[in-house]
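What follows is each chain in one-letter form.
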Amino acid sequence: MTGQVLSKQLSLLSTPVIRDGPTYIYKLWKSLLSYWLLDPERKVYLATPFLDTQRMVDIGKLVLQNFTTANIDAFYVRIKCNYNERISDVKRNAQNQFPGKQQPIIEYKLYNRIVYPLSTFHAKFIGCTDGKGGAEVLVTSANFTADHFEHHNLESVVFHKMSEADFIHKFIHPLSASQ
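Residues numbered from 1 in each chain as written. Predicted model: local features only at pLDDT ≥ 70, side-chain atom pairs only at ≥ 80, totals over all residues. Heavy atoms only, no water.

A few points about unusual backbone geometry
Right, on to step 1. In this structure, Y83 is a non-glycine residue whose phi angle is positive, near 55°.
Right, on to step 2. Tracing the sequence through the fold places Y83 in the loop between strand 4 (80-82) and strand 5 (85-86). (Helix = DSSP H or I, 4+ residues; strand = E, 2+ residues; numbered from the N terminus.)

Set out below in structure tokens:
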């Protein structure tokens, strides 16, 4: 998705809407993450209680495509994140999808950013601060799993711009406090 198309899509999401997970939200989710990871000034935040190996691989591929600029600050996920799998299982399964020379990049730029909140949470969003006092966040009802990004589920989605201080206060502090 080009920057102009992405901007147009996001402008239509200032109020919540219901859209198909795979054909709309997942494509938008990947395009927006890729766009944010292009700018080294942006600090990217991801949050999902449930995550599967394929989504971890997708995020890893986006990090590798933008490895000189990718700046994931925190990735919040539950320890038990995919049915009977723990995040350690998902990481190990995803790690096997990358050649050996790419694994240190994945470890440093992605896996070392994973935060394990101690209490349960059900928030699902990707967000970023822009290094200039602003922030953006895409909030959805979709978990980062095949159940929501491959199977045709209708999901809610909304995009907001706000100050960095508001984003940190409203989205990051509540998750950080649950550790």
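Past the structure itself, the notes keep going.
Regarding the sheet that holds strand 2 (residues 43-48)
Right, on to step 1. Read across the sheet, seven strands follow the order 1-9-8-7-2-3-6 without closing on themselves; strand pairing throughout is mixed. Two strands in the sheet have a free side with no partner beyond their single neighbour: strand 1 (17-20) and strand 6 (114-115).
Right, on to step 2. In this sheet, strand 3 (residues 72-77) lies alongside strand 2 in parallel orientation, the contact comprising five bridges. Looking at strand 3, one finds that A47 is bridged to Y76.
Right, on to step 3. Where helix 2 (residues 21-37) meets the sheet, it contacts strand 1, strand 2, strand 3, strand 7 (125-129), strand 8 (134-140) and strand 9 (154-163), and its direction lies at approximately 100° from that of strand 1.
Right, on to step 4. Against the sheet, helix 3 (residues 53-65) touches strand 2, strand 3 and strand 6, its axis set at about 180° to strand 3. (Pairing = 2+ DSSP bridges. Contact = heavy atoms within 4.5 Å. Axes fitted to C-alpha atoms, helices over the stretch in contact; angles between N-to-C directions.)

Concerning the pattern of salt bridges
Right, on to step 1. For the structure shown, the criterion picks out six salt bridges.
Right, on to step 2. Put simply, R42 and E136 hold a salt bridge, and the shortest N to O gap is 3.6 Å. Of this pair, R42 sits in the loop between helix 2 and strand 2 while E136 is found in strand 8, placing the two residues 94 residues apart along the sequence. E136 shares its class with R42; the two are buried.
Right, on to step 3. Here R92 and D89 are joined by a salt bridge, their closest N and O atoms 2.6 Å apart. Placement of the pair is R92 and D89 together in helix 4 (residues 87-95), with a separation of three residues, close to one helical turn. (Salt bridge = Lys/Arg side-chain N within 4 Å of Asp/Glu carboxyl O. Buried < 20%, exposed > 50% of the residue type's maximum accessible area, 1.4 Å probe, protein only.)

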